[in-house]
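Tertiary structure, described
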Amino acid sequence: MESVGVEGVANEVRTDYESGKTRSLAWRRSQLKALQRLLYEEEEGMFTALKQDLGKHQAEAYRDEVGILIKSVNYALENLKKWMTPCRVPVPLLAFPTRGELVPEPLGVVLIFSSWNFPIGLSLEPLIGAIAAGNAIVLKPSELAPASSNFLAKSVPKYLDSMSVKVVRGGPDVGQKLLEQKWDKIFFTGSSRVARIVMAAAAKHLTPVAVELGGKSPAIFDSLSSARDRKVAVERIVGAKWVPCSGQVCIGVDYVLVEEQFAPILIDQLKATLEKFYPRFDCLSRIINEQHFQRLSNLIKDPSVAATIIHGGSLDSETLFIEPTILLDPPLDAEIMNEEIFGPLLPIITLKKIEDSIEFIRARPKPLVIYAFTKDEKLRSRITAETSSGSLTFNDTMIQFACDELPFGGVGGSGFGQYHGKFSFDMFSHTKAVLRRSFLLEFTFRYPPWDAWKLPFMRSVYHFDYVTLLLRLLGLKRG
Amino acid sequence: MENPAEEEAVGVGFDGARAAVLVAGLRRGFASGRTRSYEWRAAQLKGIVRMIDDKEAEIMAALHDDLAKPHMESYLHEISLAKAACTFALKEMKRWMKPEKVPTSITTFPSSAEIVSEPVGVVLVISAWNYPFLLSIDPVIGAIAAGNAVALKPSEVAPATSSLFATILPKYTDNSCVKVVEGSIPETTALLEQKWDKIFYTGNGKVGRIVMTAAAKHLTPVALELGGKCPVLVDSNVNVKVATKRIAVGKWGCNNGQACVAPDYILTTKSFAPTLVDAMKKTLEKFYGKDPLESPDLSRIVNAKHFRRLTSLLDDEKVSGTIVYGGQQDEKHLKIAPTLLLDVPHDSLIMKEEIFGPLLPIITFNEVEDCLDFINSKAKPLAAYLFTKDKRLEERFVKTVSAGGMLINDTALHLANPHLPFGGVGESGIGAYHGKFSFDSFSHKKAVLSRGFGGEAPARYPPYTPQKQKILRGLINGSIIALLLAILGWPRG
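Residues numbered from 1 in each chain as written. Chains lettered and ligands numbered in written order. Predicted model: local features only at pLDDT ≥ 70, side-chain atom pairs only at ≥ 80, totals over all residues. Heavy atoms only, no water.

Now for the overall build of chain A. Scanning chain A from N- to C-terminus turns up 17 helices and 18 strands. For chain A, the spread of C-alpha atoms along the principal axes amounts to about 90 × 55 × 35 Å. As presented, chain A carries roughly 17,700 Å² of accessible surface, and 56% of it is formed by carbon and sulfur atoms. Treating the 57 positive side-chain charges of chain A as one cloud and the 55 negative ones as another, the clouds have centres 9 Å apart. (Helix = DSSP H or I, 4+ residues; strand = E, 2+ residues; numbered from the N terminus. Areas by Shrake-Rupley, 256 points an atom, 1.4 Å probe, with all protein chains shown as cover. Lys, Arg positive; Asp, Glu negative; His and termini not counted. Charge placed at Lys NZ, Arg CZ, Asp CG, Glu CD.)

Written out as structure tokens, the structure is:
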């Protein structure tokens, strides 16, 4: 798209926003309902696009994208009026009669960049929040998922208000041109490298940003005595590695930490689970493109890393398929243990004691999520208090993403800004403080000239010392 | 052994290497875990309260040095607000620190969830010159309450207050985790090159952009408390005496207009303007006498640079010709008297930039409607004020004007209420603080979800049979009925 085209789109959306149309409850509701219809009626189209872009099975597409969006839009519709209602805040009695409240208002025109791994989910989830908050939106889906990008470009204008919600397709050059325009908020999901570019561009206009990044999200696997618990735990780990998009997921398990003595049990259970889930490999997504395929193969090319492969390891550059692969104690300074893997390779790192996992994690950048499988209350408390991550989930994986009551986002290296549920609404709103006073009750000691007698009055005021204040006002106390 | 506080406080030769050492020290302090306990946080806050009590006279003297700030203003607007922030945090902190339980849905049943507040880590606070005491200590109080280690860079444009901080803050707080760095652009640049977990900046938009650009290199979240042109819309149905007093105390009673929430300009109708101007003149004379330059109740302009900036706003004849009151200047003492201007040209510099001084333009329109349009044609300000008894106008104002905060029938007060978030929007800033908002601003809200090993749903996993897919749909949509039906094998086929 030409730069004039991008500028034109931005101007159009801004003019539309300034008409005030997107602020009404009616408009927001109509758009969310339209999104609901889109999600029901265009299901096949979404499955087809995701199959094309990532080889995603429709069950995966529903579980991880379509179904989640349906849940989110329903939740937003249910709560929209409540979220839009100003809330009263306490004011000191001294300020009587005064009314204080927090009034949420839209920020204005919002730019959303989404990533390629959940190209429909990660485009429409922030969109739901931005619409609920009353904004106009420009969405730029990732060009690395072209079928999904085209799907969105076609169906969003079909169902939603095409003057206020626009989809712009294109690559980095289009992204760059979009960043030159002035936005009221930018929401970015993707890599740290691009996030830096986005934030630097936003800084020129003082545009607030939210960046949803990734990192190396670990799973701490404590010893579990019950075989059934172990089975469930490992299924959940597999469910966070290969099951969603072949490991190309920001909240996936990047690597596992386990005590040396339990590693064999873990590995056996992993292999058994993989066999159960994948009798054939047609339920596995493929790698998004050649560039990422190369990146992943390079991670295991290093002989000192390749030597630690204990399961899988085969690659097919024709079909961009990489077999579920497990590594046992690859060198900690290898790239596979320093870069986010974002693929179907699972390193298992063994420790002398499971408590050492806390130090291990703390020595590294804060991840988007920490998973811990344990029944040990003491270990749980220590993990909660001593590690920092976007989210922390005990004894399961991935599922925190589906909780509308929990904020979703990173910290430190994994990003900043949180959304989902009401947090989405808040993220795309400005919470305006409004204080209303009347002309009754004037305290003349507020005003200059600052005669000496006024200071003691003010001290009483500031200490909320009503009794002394009253006495002073009545002239019964001086100095 | 050299006193580390003195070493950093000197500011001479404070380059990137020294800044890196400072940050490393703070990181070590934070990593030790000491800042996280309630006891540590409370001890620091109590130390700050003691500092404010013990050093009240010195603080007022420094503010007088830097700004000729009247003692009453120093007390009202800096000292007591700082102390109130500390005592409020001390009172509420235990509650703020407690994890917040949140409900969970069928989708994750059985599970329990909570939101745990944790410190972000090591924080940089860069403060401004106009309320140099408050705007330094207030964010530091928030950072400490949230359990962080913090470095404070007070403004060099208020050197007496800056050096007072460097001397007294280390005496009342834990040096290993609370540091003061004095200096100007080179020192600030050195600090901004480091990696922080949050940067809190108070000042102007130009430097705000520099701070955010530097933060972008490390993807550090920022809070920017900036300014803007805070408009006051005055309707004709008001108690004009009270209105002008409240406007005047918010303008000239706040550092002689050098305040981010000070009324920048007034809007009113052509018919009401004469009444308003008259009342304002009377109020000003009552507050500051016939010779305002002699009044001890007016701050001076902070320095020669800002003095020239303000006087040059009046250079334009089309602007100076509209002065209806005041205009007196004393360059030697950097004093400018409260000055009213009636109907300056809309495109003059005084109407384009934040004035930040004792000049108050009054712009008139035929209708109140036009006033609202005028406000909305400009960048979103930090605060917007309306004086009216008309409820409908009040509602329209709240609905259609966007600003950081708003007051109806008063000015500036909202920043003293710890239950209201204080911050800007658009050009006037990013983020908010005060009260719990300070605590939140310097915290990460970690989502913690706990499940057991029961309640397993094989429907989540491959191989994906049609049966599983039906159950999945039920599960995700939280529909018990759909779930049961699916488990029972309905709908078939």
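Okay, back to it.
Below, the discussion takes up the sheet that holds strand β9 (residues 265-269) of chain B. Spatial strand order, β1(A)-β2(A)-β18(A)-β16(B)-β15(B)-β8(B)-β9(B)-β14(B)-β13(B)-β10(B): ten strands in an open sheet with mixed pairing. Strands with a single pairing partner mark the edges of an open sheet, and in this sheet they are β1 (87-89) of chain A together with β10 (323-325) of chain B. Across the sheet, the mean angle from the axis of one strand to that of its neighbour is 25 degrees, orientation sign disregarded. Where strand β15 (residues 383-387) of chain B meets strand β16 (residues 405-408) of chain B, four bridges bridge the pair, whose relative direction is parallel. The residue bridging Leu-386 of chain B from the neighbouring strand is Ile-408 of chain B, located in β16 of chain B. Where helix α11 (residues 273-288) of chain B meets the sheet, it contacts β8 (231-234), β9, β10, β13 (339-342) and β14 (359-365) of chain B, and its direction lies at approximately 170 degrees from that of β13 of chain B. (Pairing = 2+ DSSP bridges. Axes fitted to C-alpha atoms, helices over the stretch in contact; angles between N-to-C directions. Contact = heavy atoms within 4.5 Å.)

Facing 107 residues of chain A, the contacting portion of chain B comprises 101 residues. Considering only the surface of chain A that becomes buried against chain B, Leu-206, Phe-439 and Trp-450 of chain A emerge as the three largest contributors, covering 11% of it. Among the salt bridges present, the one from Arg-437 of chain A reaches Asp-410 of chain B, with a minimum N-O distance of 2.8 Å. For the side of chain A that touches chain B, the leading source of residues is helix α4 (residues 58-84) of chain A, giving nine residues. (Buried area = accessible area lost by both parts, 1.4 Å probe. Salt bridge = Lys/Arg side-chain N within 4 Å of Asp/Glu carboxyl O.)

With that settled, the discussion passes to the UniProt feature "active site" (unreviewed entry) in chain A. Residues and elements named next belong to chain A. Residues annotated by UniProt as "active site" (unreviewed entry) correspond here to Glu-212 and Cys-250. Across 39 residues, the annotated set stays spatially compact, with a maximum C-alpha separation of 9.0 Å. One can find Glu-212 in strand β7 (residues 209-212). Apart from residues no more than four positions distant in its own chain, Glu-212 is found in contact with Phe-187, Phe-188, Thr-189, Gly-190, Phe-408, Gly-409, Ser-414, Gly-417, Gln-418 and Tyr-419. With respect to the helices and strands, the residue Cys-250 is situated in the loop between α9 (227-238) and β9 (255-259). For Cys-250, a relative accessible area of 14% translates into the label buried. Setting aside chain neighbours within four positions, we find Cys-250 in contact with Asn-117, Leu-213, Ser-217, Glu-340, Phe-342 and Leu-368. (UniProt positions renumbered as here; feature names shortened; annotations may be inferred. Buried < 20%, exposed > 50% of the residue type's maximum accessible area, 1.4 Å probe, protein only.)

Moving on, we come to the sheet that holds strand β16 (residues 391-394) of chain A. Either a parallel or an antiparallel arrangement is found when strands of a sheet pair, and the pairing is made through backbone hydrogen bonds. The mixed open sheet is built from ten strands, whose spatial order is β10(A)-β13(A)-β14(A)-β9(A)-β8(A)-β15(A)-β16(A)-β18(B)-β2(B)-β1(B). In this open sheet, the two strands that pair with only one neighbour each are β10 (309-311) of chain A together with β1 (100-102) of chain B. Taken over all neighbouring pairs, the strand axes of this sheet differ in orientation by 25 degrees on average, direction set aside. Here β10 of chain A runs beside strand β13 (residues 325-328) of chain A; their pairing, made up of two bridges, is antiparallel. Bridge pairing in β13 of chain A places Ile-309 of chain A opposite Leu-327 of chain A. This element, helix α10 (residues 263-277) of chain A, spans β8 (218-221), β9, β10, β13 and β14 (345-351) of chain A of the sheet and lies at about 160 degrees to β14 of chain A.

All names here are of chain B. In terms of burial, strand β3 (residues 122-126) is a largely internal element, five of the five residues being buried. Pairing of β3 with strand β4 (residues 149-153) involves five bridges; the strand directions are parallel. Looking at β4, one finds that Ile-126 is bridged to Lys-153. With helix α6 (residues 134-145) bridging β3 and the parallel β4, this β-α-β connection has right-handed handedness. One ladder, built from four bridges, connects β3 with strand β6 (residues 198-202); its direction is parallel. (Right-handed = clockwise from strand over helix to strand, strands pointing away.)

A pair can form between side chains of opposite charge whenever their charged atoms are brought close. This model, assessed by the stated rule, comprises 46 salt bridges over all chains. A salt bridge links Lys-158 of chain A to Glu-42 of chain A; its shortest N-O distance comes to 3.0 Å. Within this pair, whereas Lys-158 of chain A is found in helix α6 (residues 146-159), its partner Glu-42 of chain A is found in the loop between α2 (25-41) and α3 (43-54), the two being separated by 116 residues in sequence. Residue Glu-427 of chain B pairs with Arg-209 of chain B through a salt bridge whose shortest N-O separation is 2.9 Å. With Glu-427 of chain B in the loop between β16 and β17 (429-430) and Arg-209 of chain B in helix α9 (residues 205-218), this residue pair connects regions lying 218 residues apart in the sequence. Linked by salt bridges that have partners in common, Arg-99, Glu-101 and Arg-436 of chain A together with Lys-391, Glu-394 and Glu-395 of chain B make up one network.

What follows concerns a nonpolar patch on the surface. Residues Val-467, Leu-470, Leu-471, Leu-474 and Leu-476 of chain A make up a contiguous nonpolar surface patch of roughly 510 Å² in combined accessible area. Here Leu-470 of chain A lies in helix α17 (residues 466-473). (Patch = residues over 30% accessible without salt bridge, like charges linked within 9 Å, V, L, I, M, F, W, Y side chains within 5 Å.)

Attention now moves to the packing of helix α3 (residues 38-54) of chain B against helix α4 (residues 56-67) of chain B. All names here are of chain B. Here α3 crosses α4 at 70 degrees, and the two axes come no closer than 4 Å. When the interaxial angle is binned, α3 and α4 end up roughly perpendicular. Along its contact with α3, which presents Ile-52, Asp-53 and Asp-54, the element α4 presents Glu-56, Glu-58 and Ile-59. Tallied by class, the residues present in the contact of α3 with α4 amount to two nonpolar, no polar and four charged. (Parallel < 35°, antiparallel > 145°, perpendicular 65-115°, else oblique. Nonpolar A, V, L, I, M, F, W, Y, C, P; charged D, E, K, R; others polar.)

Size of an interface: often given as the accessible area lost when the parts come together. Split into domains, chain A comes out as domain 1 (6-213 + 419-431), domain 2 (218-409) and domain 3 (442-474). Centre-to-centre separation of domain 1 of chain A and domain 3 of chain A, based on C-alpha positions: 50 Å. (Domains from an automatic or database assignment.)

Tallied over the full model, the rule gives 26 aromatic pairs over all chains. Seen in terms of ring centroids, Phe-277 of chain A and Tyr-461 of chain B are 4.8 Å apart; in terms of plane orientation they differ by 20 degrees. Their pairing is stacked. Here Phe-277 of chain A, found in helix α10, pairs with Tyr-461 of chain B, found in the loop between β18 (443-451) and α17 (466-476), and the two come from separate chains. You can call Tyr-461 of chain B buried: its relative accessible area is 2%. Taking the centre distance of 5.9 Å and the plane angle of 80 degrees together, the rings of Tyr-265 of chain B and Phe-374 of chain B count as edge-to-face. Residue Tyr-265 of chain B is located in strand β9, and its partner Phe-374 of chain B is located in helix α14 (residues 368-376); the two are separated by 109 residues in the primary sequence. The rings of Phe-187, Phe-401, Phe-408, Tyr-419 and Phe-428 of chain A are connected pair by pair, giving a single aromatic cluster. Directly above the aromatic system of Phe-394 of chain A lies the positively charged group of Arg-380 of chain A, at a separation of 4.4 Å from the ring centroid. (Phe/Tyr/Trp six-rings, centres within 6.5 Å; stacked < 30°, edge-to-face > 60°. Lys NZ or Arg CZ within 6 Å of the ring centre and 35° of its normal.)

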